[in-house]
Amino acid sequence: MRTKIKHILHAQQSSLLIGRQVTVSGWIRTVRDQKSFAFIELNDGSTLANLQIVVDGALPAYTETLSQLTTGASATITGTLVASPGKNQALELKADTVRILGTCSAEKYPLQKKRHSFEFLRTIAHLRPRTNTQGAVLRVRSALAHATHLFFQQRGFYYVQTPLITGSDCEGGGEMFRVTTLSDLKDPSKDFFGKPTYLTVSGQLEGEILALALSDVYTFGPTFRAENSNTSRHLAEFWMIEPEMAFADLKADMECAQSYLQFCVRYVLEHCREDLEFFDKFIENGLLQRLQHVADSPFAHLTYTQAVEILRKAPKQFEFPVEWGIDLQSEHERYLAEEHCKQPVILTDYPAEIKAFYMRANDDGKTVAAMDILVPKIGEIIGGSQREERIDRLEHKIAEHGLNRSDYWWYLELREYGSVPHAGFGLGFERLVLFTTGMENIRDVIPFPRYPGHADF
Ligand code: ATP
Ligand code: MN
């Protein structure tokens with residue numbers, strides 16, 4: 001039976017494994033030919049580190065085997081675990097049999113020892129997962145997905161699924177991908193659904209339906225935005241987590257969002273130590289310290305109005321000038337989180353004009369009960385709000401935003417039949433991966449990134 005390398009290298013007491021016969025399978029990272037024997041570094045993706053394997057020159061067909069032991073080749077190796085004389089690992093494997101599963105041309109294989117740029121690696125998304133960085137990203141990503149379910153399930157939230165194909169545009173904005181079987185779009189009534197349909201930009205409105213029956217729900221699924229933003233923080237296809245809570249106000253929303261982020265950070269600090277140490281060393285110096293700080297300290301909190309005052313007084317020239325009422329740009333968000341607060345900051349009570357129609361109006365008549373969480377290096381990671389539960393206000397807002405009342409008939413009926421205060425937020429999963437790994441570009445934290453001009457693999 002095959003043993004995963006993780007279970008050898010991360011054994012509780014590795015000395016107990018000495019003398020044990022094991023079979024491992026994986027891809028060869030490097031081979032060092034020492035004439036009378038060879039060292040192989042084998043990686044199976046179960047963990048960052050490679051297992052060192054010693055292949056003795058006395059093994060049958062040694063020369064032939066050695067010629068096939070090239071970087072990238074796959075192999076199954078059976079042998080005995082021994083204490084390693086090297087200082088990098090406690091154990092190594094002394095091979096008895098080496099079976100090459102798939103050879104790999106040393107001349108052609110693109111992933112040789114030298115380090116490649118992330119840009120180049122995006123062009124070989126079929127091999128990129130075999131690099132140290134991408135492997136670590138994917139393991140942390142998996143852990144964050146698990147942590148997400150753990151957090152919400154522990155709090156009594158139900159995991160719900162909202163549609164990916166939708167006939168309504170959540171926020172009344174553009175930026176949607178059309179879904180059609182027609183080659184000529186002139187007559188949408190002939191289309192598959194008998195009307196124009198799109199890929200969802202958010203499951204929130206449907207999430208509200210479910211929260212107003214189950215109390216606390218969350219979605220975790222793909223989200224699509226056709227915005228032509230060539231930034232390091234936007235994808236055309238990304239994953240979003242959208243909790244929605246009945247009987248909750250903005251304060252409860254903020255509490256949930258902060259606890260969720262801190263839970264995720266603590267989870268990866270505990271379960272992804274080796275990968276995070278790798279990121280700390282090669283991607284962002286000080287990452288572990290930054291994450292520990294996030295896990296330990298409450299986030300800062302400012303109102304939008306306070307934030308605007310801070311930005312106006314900031315000893316810094318912004319590209320986009322700041323005045324009350326503007327939509328904050330990424331440079332402003334990053335200044336607040338990175339330089340002013342030096343930690344995640346929750347911004348609340350934004351001007352109604354720059355926020356979506358469904359956000360609950362504050363008593364001042366100018367602002368809404370919105371909250372965004374801004375973090376260093378990224379800017380916005382979470383956007384949320386208390387929802388408008390008063391039907392007259394909501395009808396007014398729908399008209400003001402130039403939306404069709406008839407498109408929102410069911411959304412309004414939720415306010416007609418047993419309306420309750422409720423709130424929720426959306427978190428971009430890839431931005432969470434950026435935040436916890438220190439990676440710079442969102443295209444490098446999803447295995448198959450979709451962005452303008454790129455839908456390969
Ligand atoms: P931004 O201003 O950064 O474009 P947004 O305000 O348009 O974001 P929301 O509609 O509030 O985003 O979506 C909720 C969350 O989803 C955001 O806080 C962000 O984490 C994430 N998100 C939004 N758009 C994208 C995208 N194109 N790619 C990846 N994540 C995104
Ligand atoms: Mn937002």
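Everything in this summary refers to the structure shown in the same document.

Definitions and limits used
- Residues numbered from 1 in each chain as written.
- Chains lettered and ligands numbered in written order.
- Predicted model: local features only at pLDDT ≥ 70, side-chain atom pairs only at ≥ 80, totals over all residues.
- Heavy atoms only, no water.
- Buried < 20%, exposed > 50% of the residue type's maximum accessible area, 1.4 Å probe, protein only.
- Helix = DSSP H or I, 4+ residues; strand = E, 2+ residues; numbered from the N terminus.
- Contact = heavy atoms within 4.5 Å.
- Pairing = 2+ DSSP bridges.
- Salt bridge = Lys/Arg side-chain N within 4 Å of Asp/Glu carboxyl O.
- Axes fitted to C-alpha atoms, helices over the stretch in contact; angles between N-to-C directions.
- Parallel < 35°, antiparallel > 145°, perpendicular 65-115°, else oblique.
- Left-handed = near helix turned anticlockwise from the far one by under 90°.
- Nonpolar A, V, L, I, M, F, W, Y, C, P; charged D, E, K, R; others polar.
- Polar contact = N/O pair within 3.5 Å; in protein donor to acceptor, adjacent residues only side chain to side chain.

### What about helix α7 (residues 273-282)?
- Listed in full, the buried residues belonging to α7 are D275, L276, F278, F279 and D280.
- Of the surrounding secondary structure, the elements contacted by the buried residues of α7 are α4 (132-154), α6 (250-271), α8 (287-296) and α13 (429-437).

### Focus: the pairing of strand β4 (residues 74-83)
- Burial of β4 is extensive: seven of the 10 residues sit out of reach of the surface.
- Here strand β1 (residues 21-33) runs beside β4; their pairing, made up of seven bridges, is antiparallel. Following the sheet pairing, W27 is matched in β4 by S74.

### A few points about the environment of I8
- Residue position: I8 is located in helix α1 (residues 5-9).
- Those residues within four positions of I8 in sequence are excluded, and the remaining contacts are T3, L17, V22, V24, L51, L81 and L91.

### Some details on the pattern of salt bridges
- Scanning all chains against the criterion turns up 21 salt bridges.
- In this structure, D44 and R2 form a salt bridge, with 3.5 Å as the shortest nitrogen-oxygen distance. Separated by 42 residues along the polypeptide, D44 in the loop between β2 (37-43) and β3 (51-56) and R2 in the segment before α1 bring together distant segments of the chain.
- Residue classification places R2 among the partly exposed residues on the basis of a relative accessible area of 40%.

### Considerations on the packing of helix α5 (residues 204-214) against helix α12 (residues 409-416)
- As a packed pair, α5 and α12 sit with axes 11 Å apart at the nearest point and diverge in direction by 30°. As the angle between them shows, α5 and α12 are arranged roughly parallel. When you trace α5 past α12, the crossing you get is left-handed. Two secondary-structure elements touch here, α5 through Q204, L205, E206, E208, I209 and L212 and α12 through W410, Y411, L414 and R415.
- Tallied by class, residues from the contact of α5 with α12 come to six nonpolar, one polar and three charged.

### Regarding the pairing of β2
- Across the seven residues of β2, six count as buried, placing the element largely inside the fold.
- When β1 meets β2, the two strands line up antiparallel, connected through six bridges. Within β2, the residue paired with V31 across the bridge is I40.
- Between the antiparallel neighbours β1 and β2 lie three residues, among them K35 with a positive phi of about 70°.
- With six bridges connecting them, β2 and β3 associate as antiparallel partners. Directly across from F37, in β3, lies its bridge partner D56.

### Re the side chain of D275
- Of note, D275 is situated in helix α7.
- Among the polar contacts made by the side chain of D275, one reaches the side chain of R139 at a distance of 3.0 Å.

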